[in-house]
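Structural description and commentary
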Amino acid sequence: MSRLLSYIKEDSPLHRLNGATKLVIFLLWSFTGMITFDARALIVMLLTGIIIFRVSRIPFREVSFVLAFISAFLLLNFITIYLFSPEEGVRIYGTRHLLFSFSQHYTVTAEQLFYELTVIMKYYTVVPVALLFVLTTDPSEFAASLNRLHVSYKVSYAVALALRYIPDIQTDFVNISHAQQARGIDMSRKAKPWTRLGNMLSILMPLIFTSLDRITVISNAMELRNFGKKKKRTWYSDRPFGRNDAAALIMAVLLSCAVLVFTFYDGTRYFNPFG
Amino acid sequence: MKKAAVCFKNFSFRYNSQVEPTLHDISLTIYQGEKILVIGPSGSGKSTFGSCINGLVPFSYKGEISGSLEIMGQDASKLGIFGLSQYVGTVLQDSDSQFIGLTVGEDIAFSLENECVENSIMKERVLSSAAMVDMDKFLTSNPHELSGGQKQRVSLAGVMVDDVDILLFDEPLANLDPATGKYAIELIDELQKQSGKTVIIIEHRMEDALHRGADRVILFDEGYVAADMPPSELLASGILEEYGIRDPLFISALRKAGCSIDAADNLQNIETLHLESYKEKLLAWATQADKEHSRSDAGTLLEVKGLEFRYQTGMRAIKDVTLEVKRGEMLAVVGKNGAGKSTLSKLICGMEKPDSGRIVFEGTDITGDTIRERSLRIGFAMQNPNHMISKTMIFDEVALGLKARKTPEEEIKERVGKTLRICGLHPFRNWPVAALSYGQKKRVTIASILVLEPRMLILDEPTAGQDYRHYTEIMEFLKKLNRENGITIMMITHDMHLALEYTDRAIVMADGFKIADSTTAAIFSDEKVIAAANLKKTSLYDLAVRLGLSPEKVINRFIEAEKGGGCI
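Everything numeric here is computed off the predicted structure, so don't read it as measured data. (Residues numbered from 1 in each chain as written. Chains lettered and ligands numbered in written order. Predicted model: local features only at pLDDT ≥ 70, side-chain atom pairs only at ≥ 80, totals over all residues.)

Before going further, it helps to examine the overall build of chain A. When helices and strands are tallied, chain A shows 10 helices and two strands. Listing the helices and strands of chain A from first to last along the sequence gives α-α-α-α-α-β-β-α-α-α-α-α. Scored against the burial criterion, the 275 residues of chain A give a buried share of 31%. Within chain A, residue pairs in contact and separated by at least 24 positions form 75% of the contacts whose partners lie at least 6 positions apart. (Helix = DSSP H or I, 4+ residues; strand = E, 2+ residues; numbered from the N terminus. Buried ≥ 20, exposed ≤ 12 C-beta atoms within 10 Å, placed from the backbone. Contact = placed C-beta atoms within 7 Å.)

This is the structure in structure tokens:
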């Protein structure tokens, strides 16, 4: 298994953006994607997201596992929404185009399908951008950017370190899991899900211990080199806020405004193709 | 008049979490420009001593102090950890886990960043600091991707950037392969000669640490200073092994040959030793006839044939490796970091799948078996026991593997009991794991593997970071398992002493190839193999050369004397 979700060094327009810019754009993007239920706007955002992804030069295989995982989760989500609320679409759009029915209660309507697809699309607009943010932002530079946004540098550094240690913790996890399997604890698909969950817990304790060891070492090393001495600190890898950043921010704000105006133009969050 | 750099007066310290003081009534002075080696077994207080100098004690690890400590003429208790860092630069053990920056430049800059040094000035100072250790061409590299020696340089530059007066090294040799360790000691020595700074090295591997000598050695034991004298005197006194510190190999050889050792003979390392007065006895000892080697041909347990493995990135990690392990053998796999030792053991245990090649165990092809299936034949122990233990009680921990296999309760009880007895843990069976020492924990993890009754054990660095006492405890236990229970043992190790003392055969890996496979003595006498595997010549090798004998002969003689206790 390759390392999931950690910074990948590349030289793309996206990598060259300031970390703070990327953070603001990411937050804006998520906010917009979560608010709108307009399928047309979501399609535009989804396509834009895919284009940005291409621009970032991150190979698809780096995210394929995470996307597959999320897709499985969304499928589950799709089914659960239907099970608990099969008439949601009808309630929202106010019409009923019956396609077929499983039973008296569980009918399948075009409205319901459309509603659920819209929900899934929302996730797919936000998730790739979230992934991109993590994959294209150098953790130290990210810390510098947070600090620039007036977040305390200690908090900024803590966040950056957390991001940094994701790959190390993954490696530890794999090693510990191997060692446990070598003692006969089954973590393969052959074991029952319930046993497997219990077995996963047997990795957790050693993993927590290794991580605590790491934390002690690094915090001592940091303190011995003056971390926390002054109220402020400077940043070696500070990237100046450039023209590209301004341009990217303006584009993001414009897109977000356009989406929101378009969505609420008719007074509702939903786009209704049935009326 | 020499000026004091560090001055302890009737200094005692007790951690808040402990009942007894860790340091008792320490009074000693280290002068500016001196090079001091601080030694002692684990728990002797030597690390706490170091922490007092850099301020981790009492400012991070709280506790109660009595007496006084002055650093560069100032009261340490008033300076605080940040005040002390102006005078003392600390290089912690394991440079890997203490790199903070993502690039070399950023890491060197860390302390300047915290001092709020302006970006342009910072870049200049980082560059000059990096140039001092010849790393100025690597400022944008990722520190984790450097070689072991380069990592040491970066850590050094990171503390030198502050222009401190005292350099403190906390176990700089732990986790380094022998050649890199030797290089690190040379680097520290050169730096000290150039800059005239005070250097304090805390280490328990005395022979390696003395490779370039020291002005004084301070020996700690149970929180007291047990000795504070020039290295030659300490070595001649012969008290080291009492305190759980290993004598240098060549000194052991002198003793085995029945020489009476004189401190005036420059004992601190083999290059400076005055050999003349010992020559006669040494020659007599070394040229004794070897005992007949009864190399029993016990038959093959494990066969690896033409193994190939590539990482996902396509890089070849294991290249056409073929090897054989005999039943009842105890052997070592050596080689530098990244040579493929760990990958090889992972392939054997089934944690990675080979691209081609076969693994045959007692005539059965196990190449397609899962980790779990292989665990009945081959057990694997990670380096750090804390990374394996997942239950709070010893019995449960050892029973875990059997429970997972749904073994009947009665049988579990019986097998766990038996294994605990073999491992000498039976009296502790109802204890919590947390109450055990490191060495005992190691035994628990080994017990939890043995309970599955594998025929072979693979151990990754079984004694890493352990002092001589724990080292002996762990290794004697493994030896007993090997001799009395017939378990075949394969160890991945950097420790040349371990390989010399406890293994008959060594396999050497370099760049994914198996480059040598022979008796341990032959391997350690082969200069080409030594260089390729980042090993170093042992002092026995140099001793042999100085005596005009074949290194293999002397090493063999030494091993025999060790094993048989065969002193004259």
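Once you've had a look at it, read on.
With that out of the way, let us pick up the overall build of chain B. Looking only at helices and strands, chain B features 23 helices and 20 strands. In terms of overall dimensions, chain B has a C-alpha envelope of 70 × 55 × 50 Å along the principal axes. The buried share among the 568 residues of chain B stands at 52%. Considering only residue pairs separated by 6 or more positions, chain B has 68% of its internal contacts joining residues 24 or more positions apart.

What follows deals with the nonpolar core. Inside soluble globular proteins, nonpolar side chains tend to come together where they are buried. Membership of the largest hydrophobic core comes to 193 residues, with the highest contact counts inside it found for B:V38, B:I71, B:I200, B:V508 and B:L540. With six residues, the top contributor of residues to this core is helix 15 (residues 394–404) of chain B. In this structure B:I71 touches B:V6, B:I53, B:A76, B:L79, B:L84, B:Y87 and B:V88, once residues within four positions along its chain are discounted. Within the second largest apolar cluster, 15 residues are counted, among which are A:I25, A:V126, A:L131 and A:A252. (Core = buried A, V, L, I, M, F, W, Y, C linked by C-beta atoms within 7 Å.)

A word on the domain arrangement of chain B. Residue and element names in this part refer to chain B. When cut into domains, chain B gives domain 1 (4–246), domain 2 (300–377 + 454–536) and domain 3 (390–451). One C-alpha centre belongs to domain 1, the other to domain 2; they are set 34 Å apart. Contact with domain 1, which involves 13 residues of that partner, is made by 12 residues of domain 2. The element that contributes the greatest number of residues to the side of domain 1 that touches domain 2 is helix 8 (residues 178–195), accounting for four residues. Class assignment of the residues belonging to the side of domain 1 that touches domain 2 gives a composition of five nonpolar, five polar and three charged. (Domains from an automatic or database assignment. Nonpolar A, V, L, I, M, F, W, Y, C, P; charged D, E, K, R; others polar.)

Further remarks concern the interface of chain B and chain A. Listed by partner, the interface residues are 49 residues for chain B and 40 residues for chain A. Grouping the amino acids of the side of chain B that touches chain A by side-chain chemistry returns 22 nonpolar, 21 polar and six charged.

On to the packing of helix 5 (residues 104–114) of chain B against helix 7 (residues 148–160) of chain B. Residues and elements named next belong to chain B. In the contact formed by helix 5 and helix 7, the axes pass within 7 Å of each other and the chain directions differ by 30°. Crossing geometry of helix 5 relative to helix 7 is assigned as right-handed. Contact residues: helix 5 offers V104, D107, I108 and F110, while helix 7 offers V154, A157 and G158. (Axes fitted to C-alpha atoms, helices over the stretch in contact; angles between N-to-C directions. Left-handed = near helix turned anticlockwise from the far one by under 90°.)

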